[in-house]
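Each chain, written out:
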Amino acid sequence: MTYEGLRLKIQKYQRKLPAHRRKKGLKGTRFTILSNNCWGGMIYESYDLPKQSPTVGCFFMADDYIRFLTRLDDYLQAPLTFIAPEDSRWKQEICSDKRYGHYPVGRLEIDTDSGSESVELFFLHFHSAEEAKEKWNRRLKRIDRERLLVKFNDQNGCTRKHIEAFDRLPFRHKICFTTAPYPDCQSVQPIRVPKSHTYIHTSYEPFGRNRQVNITDLINGLFA
C-alpha cells in the first residue's frame, strides 16, 4: 500500500466514526456537490448523508471538468455511454496508474453550434459500466440546483488557465483547493501539503472542521 493509500484508509475511519455527530452541525442535509474527483463522496460520508451527486465515485481530467461545468445543463441531460480504456483521449496521461483499465470509462457527448464535443469520466470506484450507469442516473435525480457546491483542485493536468477559468464560472458557491496561492482568484483555497507535492493529493483535501477551511461552514453557506 502506498503512503497515500494508507492516509486514505485511516481517513475513512476519521470521516465515518464521528459522522453522525458532525451531521448535527449542518443547517440542512439536502445539497449537491459537484467535484472533479472523489472528494464529494467523501464529504457525504463525513456527514452520514446519502450521495446526492452523479459525480460521486469518478474523476475528470481538468480540461474536461471545466468543459463539463461550462455547459453543465447540456451535459447533465446527455446520455452516459462507455468506451474502452484504450480509446480514451487521456490514456497517455493516466495509463501509468496500475488501476487504469480495470474501471469503467464513461463519455458524455453534446451538440454545439460548432459541432459535437464530449467529456470523459473515469469511474474509479465502480466494478462495471452497468453499476456506474445505474448510480449515475439515480443520482442525477437527486441534484439540488438551488443548493449546489462546485469543487475543483489542481490535479489531473490542471494549469493556471483551468483555475482561472473555474474562478470565472458563474456558480455562487464554489471552491478550488490548490498547493499554491492564486491571489487573483477568489474561489481558490491553498492547502498546506508536503513541499514535494506539485498538486493536491486526495488525502490532503479537507473535510469537517478543518483548520484551513471549515467544510461545515461551507455547506451551511448553501442554506443562508
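Above: the structure in question.
Residues numbered from 1 in each chain as written. Predicted model: local features only at pLDDT ≥ 70, side-chain atom pairs only at ≥ 80, totals over all residues. Heavy atoms only, no water.

Draft legend 1. Seen up close, the sheet that holds strand β6 (residues 174–178). What the four strands build is an open sheet, ordered β1-β5-β6-β7; its pairing is parallel. Only two strands of the sheet have a single partner each, and these edge strands are β1 (32–35) and β7 (188–190). Each adjacent strand pair in this sheet contributes to an overall mean axis angle of 25°, direction not counted. One ladder, built from three bridges, connects β6 with β7; its direction is parallel. Looking at β7, one finds that Cys-176 is bridged to Val-188. Lying over the sheet, helix α8 (residues 160–168) contacts β5 (148–153), β6 and β7, oriented at roughly 160° with respect to β6. (Pairing = 2+ DSSP bridges. Helix = DSSP H or I, 4+ residues; strand = E, 2+ residues; numbered from the N terminus. Axes fitted to C-alpha atoms, helices over the stretch in contact; angles between N-to-C directions. Contact = heavy atoms within 4.5 Å.)

Draft legend 2. Layout of the packing of helix α1 (residues 3–16) against helix α3 (residues 39–46). Contact pair α1 / α3: the axes reach a minimum separation of 8 Å and the direction vectors enclose 40°. The orientation of α1 relative to α3 falls into the category oblique. Mapping the contact onto sequence places Leu-8, Gln-11, Arg-15 and Lys-16 in α1 and Met-42, Glu-45 and Ser-46 in α3. For the contact of α1 with α3, a count of residues per class yields two nonpolar, two polar and three charged. (Parallel < 35°, antiparallel > 145°, perpendicular 65-115°, else oblique. Nonpolar A, V, L, I, M, F, W, Y, C, P; charged D, E, K, R; others polar.)

Draft legend 3. Expanded view of the packing of helix α4 (residues 62–70) against α8. As a packed pair, α4 and α8 sit with axes 10 Å apart at the nearest point and diverge in direction by 15°. In terms of orientation, α4 lies roughly parallel with respect to α8. Pair α4 / α8 crosses with left-handed handedness. Between α4, through Ala-62, Asp-63, Ile-66 and Leu-69, and α8, the contact on the second element is made entirely by Lys-161, His-162, Ala-165 and Phe-166. (Left-handed = near helix turned anticlockwise from the far one by under 90°.)

Draft legend 4. Layout of the pairing of strand β3 (residues 105–112). Relative to β3, strand β2 (residues 80–83) runs antiparallel, the two sharing four bridges. Counterpart to Phe-82 in the pairing with β3 is Gly-106. Relative to strand β4 (residues 115–122), β3 is paired through eight bridges, and the arrangement is antiparallel. Bridging from a neighbouring strand, Arg-107 pairs with Glu-120 of β4. Counting the residues between successive antiparallel strands, the hairpin from β3 to β4 contains two residues.

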